[in-house]
Amino acid sequence: MEVLAKEFGYVENKPIYDGIYDFSGYLNSKPKIMWILKEPNGQIDEKKLEKGGWIIPNEVFSNLEKTASQPTWQVIIYVMYGYLNGLMYDDMDYIRNKIEMAKVMQSIAYLNVSKMPGYNKSVKSNIEQCYIKWKSILNKQIETYAPDVIIFGNTFDFFKNDFKNKGLEKVGNYPGWIDVYKSGQLILLDAYHPSRKGRDYVNTLIEALNGYFPIHK
């Protein structure tokens, strides 16, 4: 990715790598779940971005307290922990009281559309350009990780035409929160970005995952 970054004109900043922390855990997951968000927050101050060059799974998901301190990841943790343990939002502990809940981040595939440090507020037109730039990498990641379900955090629109070319069918929706598509055997959940979302968002995603991949009967 650093070669591509240089081709795109990034001189001072390097990519922030995403992917999987525990490959064995991911490959043995039923289903294998991928989340795709917008960009890594690399903002230092209002104008300056960090240099990048580090790996999110290795340097964050390995540290449960660090993982659990990030608001966006907290929401993902509630979704994944609830789904995997047959719980809804009100049944779960607060993450701060049960930090081991954050381990669920270690066995998912976690991608950002942009691979470069970004600001703490994303602009859709900028992310669209990032998708065009990093499309080959993103497609390779999806192909290599071969998820059973992808949860898009307000990023599905960037990928929609590519999936249409492979065959795309809308198969359901959860009004106000999620549209559900199928491409081959792959289930795609077009959801809001998890940032600052709460109980209803968490419960709806758990319900959707249970609807297509029930693991507790």
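Provided above is the structure to which this section pertains.
Note that the structure is predicted; figures quoted are calculated from it, not measured.

Colleague: Would you mind showing me how to read the overall build of the chain here?
Modeller: Regarding its fold elements, the chain presents eight helices and six strands. Buried residues in the chain amount to 46% of all 217 residues. The long-range fraction of contacts in the chain, counting pairs at least 24 apart against all pairs at least 6 apart in sequence, stands at 71%. On the chain, roughly 11300 Å² of surface is accessible, and the fraction owed to carbon and sulfur atoms is 46%.

Colleague: Help me understand the side chain of Asp190, please; the structure alone is not making it clear to me.
Modeller: With respect to the element layout, Asp190 can be found in strand β6 (residues 186-191). Residues within four places of Asp190 in sequence aside, it is in contact with Phe152, Phe156, Trp177, Ile178, Asp179 and Tyr181.

Colleague: How do you make sense of the pattern of salt bridges when you look at a structure like this?
Modeller: Here the idea is simple: oppositely charged side chains can pair when their charged atoms come close. In the structure shown here, the tally under the stated rule is seven salt bridges. Among the ionic pairs, Asp90 bridges to Arg199, the shortest N-O distance being 2.9 Å. Residue Asp90 is found in the loop between α5 (71-85) and β2 (109-112), and its partner Arg199 is found in helix α8 (residues 199-212); the two are separated by 109 residues along the sequence. By relative accessible area, Arg199 is classed as partly exposed at 41%. Between Lys98 and Asp93 there is a salt bridge, and its shortest N-O distance comes to 4.0 Å. Here the salt bridges do not stand alone but share partners, grouping Asp90, Arg199 and Asp200 into one network.

Colleague: Where do I start with the pairing of strand β1 (residues 33-37) in this structure?
Modeller: Side-chain direction in a regular strand flips from residue to residue, so the side chains alternate between the two faces of the sheet. The element β1 is extensively covered by neighbouring structure, given that five of its five residues are classed as buried. Alternating residues of β1 divide into Ile33, Trp35 and Leu37 and Met34 and Ile36, and every residue in both groups is buried. With four bridges joining them, β1 and strand β3 (residues 149-153) adopt parallel strand pairing. Across the sheet, the residue bridging to Trp35 is Ile151, located in β3. Judged from the four bridges that link them, β1 and β2 form a sheet pairing that is parallel. Each bridged residue has a counterpart across the sheet, and for Met34 the counterpart in β2 is Ala109.

Conventions we followed
- Residues numbered from 1 in each chain as written.
- Predicted model: local features only at pLDDT ≥ 70, side-chain atom pairs only at ≥ 80, totals over all residues.
- Heavy atoms only, no water.
- Helix = DSSP H or I, 4+ residues; strand = E, 2+ residues; numbered from the N terminus.
- Buried < 20%, exposed > 50% of the residue type's maximum accessible area, 1.4 Å probe, protein only.
- Contact = heavy atoms within 4.5 Å.
- Areas by Shrake-Rupley, 256 points an atom, 1.4 Å probe, with all protein chains shown as cover.
- Salt bridge = Lys/Arg side-chain N within 4 Å of Asp/Glu carboxyl O.
- Pairing = 2+ DSSP bridges.

Read these as spatial facts, not as claims about activity.
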